Amino acid sequence: MEQQNSNNSLISEIEELRYQLEEARDTINAIRTGQVDALVVKDDNGHQLYTLKTADQTYRVFIEKMSEGAVTINREGIILYCNTRFAHMAATPLEKTIGQPLSFFVPDASKSKLEKIINSSWNQDCREEIMLKDGGGRDMHCLFSCNTIELDGGLALSIIITDLTVLKNTEQELQVRNYQLEEAQAATEKLNNNLEATVRQRTHDLVISREHFRLLTNNIVQMTWTNLPTGEFTSYNQRWYDYTGLTLDDDHEIVWEMVVHPDDLKKTLELYNKSLLTGELFEIENRYKRYDGVYRWHLNRSKPLKNDAGDIIFWVGTATDIEDQKQEMERKDEFIGIASHELKTPLTSLKGYLQLIAGYKKEELPPIVRQYVTKASTSINRLQSLINDLLDVSKIKAGRLEYALGSVNISDLLNQCIENARHINPAYIFDSKLDNDYIIKGNHERLEQVLMNLINNAVKYSPVNKTVIITSQQVGNYVRVEVIDSGIGLSPDQKDKIFDRFYRVADKLNMTSGLGMGLYISKEIINNHDGIIGVESEMGQGSTFYFELPLGR
Ligand code: ADP
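Residues numbered from 1 in each chain as written. Predicted model: local features only at pLDDT ≥ 70, side-chain atom pairs only at ≥ 80, totals over all residues. Heavy atoms only, no water.

## A look at the overall build of the protein chain
Check the secondary structure of the protein chain and you find 15 helices and 19 strands. Computed over its C-alpha atoms, the radius of gyration of the protein chain comes to 58 Å, more than 25% above the 24 Å expected for a compact globule of 553 residues. Viewed in the frame of its principal axes, the protein chain has a C-alpha envelope of about 185 × 75 × 45 Å. Within the span of the protein chain, comprising 553 residues, buried residues form 36% of the whole. Accessible area of the protein chain: about 33,900 Å², with a carbon and sulfur share of 52%. Within the protein chain, one finds 61 positive and 80 negative side-chain charges whose respective centroids are separated by 11 Å. (Helix = DSSP H or I, 4+ residues; strand = E, 2+ residues; numbered from the N terminus. Rg over C-alpha atoms; globule rule 2.2 N^0.38 Å. Buried < 20%, exposed > 50% of the residue type's maximum accessible area, 1.4 Å probe, protein only. Areas by Shrake-Rupley, 256 points an atom, 1.4 Å probe, with all protein chains shown as cover. Lys, Arg positive; Asp, Glu negative; His and termini not counted. Charge placed at Lys NZ, Arg CZ, Asp CG, Glu CD.)

What follows is the structure, encoded as structure tokens:
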């Protein structure tokens, strides 16, 4: 029975509370929508009536729509009114916020700060950052702006609460960005410092290198200079001034004219201007006038310095004094000329006596003596050919390699030489491909000398593959003769030098005998015939020596 009574009283209490809740909801709604402009609040002092002085519907609607929370509290800190936004911020149903102390919605850590602000706001408007519980376990940064308002029931405090979360996030992001910026700035500064240090170091290196270059150029025995791509001279080393006796004040625009021997000037200027146009190495031997008027031979070389794009920045030239070498070479040439001339006479008589012995008829010569005579004749022929070559070289140097010109049938010449070669080198095969009878103007003996030299070389430098091919054909207005072997071949570097006087490929010195004169004399003879001589070859791939002579001269 007792149980029945308590159930009934609980049910009626629930009913009563439901009714009160309903009533509270209606009241709040009425306030929000502006239908009511006063309300009664029960506190420790009993019931109090609060009239919303500004209970103007427009303003209340406006406040409802605000994106800030709006709260009105009384002296005890009880919420008299709040907008939906505040309820949303506090994550509490609207009906449960009104009548609650504001501090209820503030985390414990911020409660005393809130109290302080509220206390002072009754005297003076104030704004302060305070945390608000958002119900989700996270607190949010808010700005509380407090102002007193006069209500009918007495003074109340209106608080506008602005959510600072976005601002705080932005602030935080800004802080991160700031930090990153500072780091980037520090890195830039470091980079800058490094760069400055590098520039300082490079400048220092440059000065050292320039001084190094200056010291070097001023101390070498060669004369050196630099000039622009247009040809103007920009600097000379000390040796230049010492040798020429010129000074800085002299007009260096006409420098070649001032110092180069008049006989060498034209050729020097021609080659110099050609190099400036083509960018190719400038190289010439010429005579430079010394300060005392004496001319000395010099070897000039000038090379261009190019940038990455391949444009010439400037030229660096040197002139090396070769007067002593020249004189020595001349003495050597003179000696060779005299010696070969002196050797020629006894050799001729030796050859004559041998011929007399070979042709001796009065008594029968013992076979062994005949054999000796034949061998001696072969050796004497080789000796004579060597001495003739030496004589030719000294004649070439003296500009006296002269001979009579007549008509030469190239096919006849080739056939004769091939026969000769077959006779001397029975172990070799000589193939010929002669496509016509070409008649040129020249000296038969001298051209034979050239051809025999090329054939003998083809034999000498083809120890394994023993086939030599000789061809003739017309190329433009020239007849071209080729001597093709499958021998040891030549490197590009060797190809450039083999036509020089006394040049022999270094690593082949012991392979065969020779003095390095044959190709030098051949070149001279072909040049004198207004022809050209050359070689196509690769190391280990055999060689094709050729010469071309003008037809119909
Ligand atoms: P020599 O044969 O007396 O040394 P040359 O003036 O005839 O002098 O030749 C100069 C050099 O050129 C030779 O020493 C040799 O090294 C090289 N040479 C000439 N002909 C050939 C060839 N057919 N194959 C390879 N090297 C050659």
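## Considering the nonpolar core
Counting residues in each nonpolar core, the largest one holds 43 residues, and the members touching the most others are Ile410, Phe430, Leu451 and Phe547. Mapped onto this core, the elements with two or more residues apiece are helix H11 (367-398), helix H12 (410-424), helix H13 (444-460), strand E16 (467-475), strand E17 (478-485), helix H15 (518-528), strand E18 (532-537) and strand E19 (543-550). Here this core gets eight residues from one element, more than from any other, and that element is H13. Not counting residues within four places of it along the chain, the set of residues in contact with Ile410 comprises Tyr438, Ile440, Val479, Val481 and Leu549. (Core = buried A, V, L, I, M, F, W, Y, C linked by side-chain atoms within 4.5 Å. Contact = heavy atoms within 4.5 Å.)

## Structural notes on the pattern of salt bridges
The final tally for this structure, using the stated rule, is 19 salt bridges. Note that Glu129 is salt-bridged to Lys168, the shortest N-O span being 3.0 Å. Note that Glu129 is positioned in strand E5 (residues 126-133) and Lys168 in helix H6 (residues 165-219), a separation of 39 residues in sequence. A salt bridge links Glu270 to Lys266, with the nearest nitrogen and oxygen atoms 3.5 Å apart. Here Glu270 and its partner Lys266 are both found in helix H9 (residues 262-278), four residues apart, which amounts to about one turn of the helix. The partly exposed category is assigned to Glu270, whose relative accessible area is 45%. (Salt bridge = Lys/Arg side-chain N within 4 Å of Asp/Glu carboxyl O.)

## Quick notes on the site of the ligand
Neighbouring residues of the ligand: 21 residues in total, closest Asn457, Tyr461, Asp485, Arg504 and Leu519. Within the backbone of Leu515, one N or O atom sits 3.3 Å away from an oxygen atom of the ligand. For the ligand, an oxygen atom lies 3.3 Å from a polar atom in the backbone of Gly516. In terms of residue count, H13 provides more of the shell around the ligand than any other element does, four residues in total. Looking at the shell around the ligand, its residues break down into 11 nonpolar, seven polar and three charged. (Near = heavy atom within 4 Å. Polar contact = N/O pair within 3.5 Å; in protein donor to acceptor, adjacent residues only side chain to side chain. Nonpolar A, V, L, I, M, F, W, Y, C, P; charged D, E, K, R; others polar.)

## Describing the side chain of Ser145
Structurally, Ser145 can be placed in strand E6 (residues 139-151). Classification of Ser145 as buried rests on a relative accessible area of 11%. Those residues in contact with Ser145 that sit more than four places away from it in its chain are Cys126, Arg127, Ser158, Ile159 and Ile160.

## Quick notes on H15
Within H15 the residues assigned to the buried category are Gly518, Leu519, Tyr520, Ile521, Ser522, Ile525 and Ile526. Residues of H15 that are buried in the fold lie against H11, H13, E18 and E19. Taken from the residues just after H15, Asp530 is the one with a positive phi, measuring 60°.

## As for the layout of surface pockets
Picture a little ball the size of a water molecule; that probe, rolled over the atoms, points out where space is still empty. There is about 680 Å³ of room inside the second largest pocket. Considering the residues around the second largest pocket, the lining is formed by 20 residues, among which Met329, Glu330, Asp333, Lys397 and Arg501 are closest to the centre. Those elements giving two or more residues to the lining of the second largest pocket turn out to be helix H10 (323-358) and H11. Counting residues per element, the lining of the second largest pocket draws most heavily on H10, which supplies eight residues. Split into classes, the residues belonging to the lining of the second largest pocket amount to eight nonpolar, three polar and nine charged. (1 Å grid on protein atoms, 1.4 Å probe; cavity = no way out; pocket = protein on both sides within 12 Å on 5 of 7 lines; lining within 4 Å. Points joined across faces, edges and corners; volume = space filled by probe spheres on them.)

## Quick look at unusual backbone geometry
Unusually for a residue other than glycine, Ala91 sits at a positive phi of about 55°. Topologically, Ala91 is positioned in the loop between helix H3 (84-89) and helix H4 (94-97). For Ala91, a relative accessible area of 48% translates into the label partly exposed. Backbone geometry places Asp530, a non-glycine residue, at a positive phi of 60°. Tracing the sequence through the fold places Asp530 in the loop between H15 and E18.

## A few points about the side chain of Asp389
Within the secondary structure layout, Asp389 lies in helix H11. Although Asp389 lies buried, it forms no salt bridge, and the closest oppositely charged side chain, Arg446, sits 6.6 Å away as judged by the N-O distance.

## Brief notes about the sheet that holds E5
Each strand in a sheet pairs with another by means of backbone hydrogen bonds, the pair being arranged parallel or else antiparallel. One open sheet holds the five strands; their spatial order is E4-E3-E7-E6-E5, and the pairing between them is antiparallel. This sheet does not close on itself; its edge strands, each paired only once, are strand E4 (79-82) and E5. On average, adjacent strands in this sheet sit at an angle of 30° to one another, irrespective of strand direction. By the bridge criterion, three bridges tie strand E3 (residues 69-73) to E4 in an arrangement that is antiparallel. Directly across from Thr72, in E4, lies its bridge partner Tyr81. (Pairing = 2+ DSSP bridges. Axes fitted to C-alpha atoms, helices over the stretch in contact; angles between N-to-C directions.)

## Comments concerning the pairing of strand E7 (residues 154-163)
One ladder, built from five bridges, connects E3 with E7; its direction is antiparallel. Paired with Val71 across the strands is Ile159, a residue of E7. Summarising the sheet, E6 and E7 pair through 10 bridges and their orientation is antiparallel. Opposite Ile149, over in E7, you have Ala156 as the bridge partner. Remark: two residues form the turn of the hairpin made by E6 and E7, two consecutive strands paired antiparallel.

Such coordinate-based values are descriptive only and should not be taken to indicate function.
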